[in-house]
Amino acid sequence: MQTIRIKPPSSGSGAGDGEPSQQGPGKGLFPLLTGVAVALAAVGATLALTDAPSPLRGPLTLFFLLAAPALAVGAALRGLDPFGRIVTSVAAAVALDLLVAQGMLATHRWSVRGGVVAVTVISSSILLLVLALSRRQRGRRARRRAS
């Protein structure tokens, strides 16, 4: 029996050197799904904030309440493997939603709009903090390489 080894494509390969193109049928699927998820979450938040009488308001608002904190926490957990990152970020999203709801109920300030706004503010703060810290670390690495 003969073993056939597949060589990885060289990094400098171009379109004219006889090798197949790097664009496969599933290459652009992840960014497309990410864009669809962001659009659905934005529609859910908009429907909840405007109190629109739509049958999609409940499911899309729930999707937003899970996706926004999960995205923010997932961005902070870049060192984990993908499955652990997904599980941890979804668990953190549920915990954040429960803490917001518990705080609103304890202060007698419960409202759907208030909950959506609170989750949006907290998720945005986490995401901006993670982005600022990662930019700071990249700047430090660039300065170390330069010296």
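Residues numbered from 1 in each chain as written. Predicted model: local features only at pLDDT ≥ 70, side-chain atom pairs only at ≥ 80, totals over all residues. Heavy atoms only, no water.

K.L.:
Got a minute to help me understand the overall build of the chain in this structure?
P.N.:
Within the chain, the secondary structure is distributed over four helices and zero strands. Listed N to C, the secondary structure of the chain is α-α-α-α in terms of helices and strands. The proportion of buried residues among the 147 residues of the chain is 19%. A fraction of 47% describes how many contacts in the chain between residues 6 or more apart in sequence connect residues 24 or more apart. Total accessible area on the chain is roughly 11200 Å²; 67% of this is exposed by carbon and sulfur atoms. (Helix = DSSP H or I, 4+ residues; strand = E, 2+ residues; numbered from the N terminus. Buried < 20%, exposed > 50% of the residue type's maximum accessible area, 1.4 Å probe, protein only. Contact = heavy atoms within 4.5 Å. Areas by Shrake-Rupley, 256 points an atom, 1.4 Å probe, with all protein chains shown as cover.)

K.L.:
Sorry if this is basic, but what is going on with a positive patch on the surface here?
P.N.:
A surface patch of like charges, here positive, comprises Arg78, Arg135, Arg136, Arg138, Arg140, Arg141, Arg143, Arg144 and Arg145. Structurally, Arg138 is set in helix H4 (residues 112-146). (Patch = residues over 30% accessible without salt bridge, like charges linked within 9 Å, V, L, I, M, F, W, Y side chains within 5 Å. Salt bridge = Lys/Arg side-chain N within 4 Å of Asp/Glu carboxyl O. Lys, Arg positive; Asp, Glu negative; His and termini not counted. Charge placed at Lys NZ, Arg CZ, Asp CG, Glu CD.)

K.L.:
Explanation requested: the pattern of salt bridges in the structure shown.
P.N.:
Opposite charge on two side chains allows them to pair when their charged atoms are near. Applying the stated criterion across every chain yields a total of one salt bridge. Ionic pairing is found between Asp51 and Arg57, a salt bridge with its closest N-O pair at 2.6 Å. Of the residues examined, Asp51 reaches a relative accessible area of 46% and is grouped as partly exposed.

K.L.:
Please explain the packing of helix H1 (residues 29-50) against helix H2 (residues 57-76) as it appears in this structure.
P.N.:
For any two helices packed against each other, the geometry comes down to the angle between their axes and how far apart the axes lie. Here H1 crosses H2 at 120 degrees, and the two axes come no closer than 7 Å. Crossing hand, H1 versus H2: left-handed. Across from Ala37, Leu40, Ala41, Val43, Gly44, Ala45, Leu47 and Ala48 in H1, the residues of H2 making contact are Arg57, Leu60, Thr61, Phe63 and Phe64. When the residues that make up the contact of H1 with H2 are grouped by side-chain class, the tally is 10 nonpolar, two polar and one charged. (Axes fitted to C-alpha atoms, helices over the stretch in contact; angles between N-to-C directions. Left-handed = near helix turned anticlockwise from the far one by under 90°. Nonpolar A, V, L, I, M, F, W, Y, C, P; charged D, E, K, R; others polar.)

K.L.:
Could you clarify how one ought to interpret the layout of surface pockets in this entry?
P.N.:
Left-over empty space is what a probe sized like a water molecule reveals as it rolls over the atoms. Estimates place the volume of the largest pocket at around 940 Å³. Lining the largest pocket are 30 residues, and of these Thr34, Ala67, Ala70, Leu71 and Ala72 sit closest to its centre. At the level of elements, H1, H2, helix H3 (82-106) and H4 are the ones that each hand at least two residues to the lining of the largest pocket. No other element matches H2, which puts 10 residues into the lining of the largest pocket. For the lining of the largest pocket, the class distribution of residues is 21 nonpolar, six polar and three charged. (1 Å grid on protein atoms, 1.4 Å probe; cavity = no way out; pocket = protein on both sides within 12 Å on 5 of 7 lines; lining within 4 Å. Points joined across faces, edges and corners; volume = space filled by probe spheres on them.)

K.L.:
In this structure, what is going on with unusual backbone geometry? I would like to understand it.
P.N.:
The bulk of non-glycine residues show a negative phi, and the bulk of peptide bonds are trans. With a phi angle near 55 degrees, Asp51 is a residue other than glycine that sits in the positive phi range. Here Asp51 is to be found in the loop between H1 and H2.

K.L.:
Whenever I open this one, the packing of H2 against H3 confuses me. Can you help?
P.N.:
At a minimum axis distance of 8 Å, the contact between H2 and H3 shows a crossing angle of 125 degrees. Here H3 runs oblique to H2, going by the angle between their axes. Relative to H3, the crossing made by H2 is right-handed. In this structure, H2 uses Leu65, Leu66, Pro69, Ala70, Val73, Gly74 and Ala75 to contact H3, whose residues at the interface are Arg85, Ser89, Val90, Ala92, Ala93, Val94, Leu96 and Asp97. Grouping the constituent residues of the contact of H2 with H3 by class yields 11 nonpolar, two polar and two charged. (Parallel < 35°, antiparallel > 145°, perpendicular 65-115°, else oblique.)

Function cannot be read off these values alone, since they describe shape.
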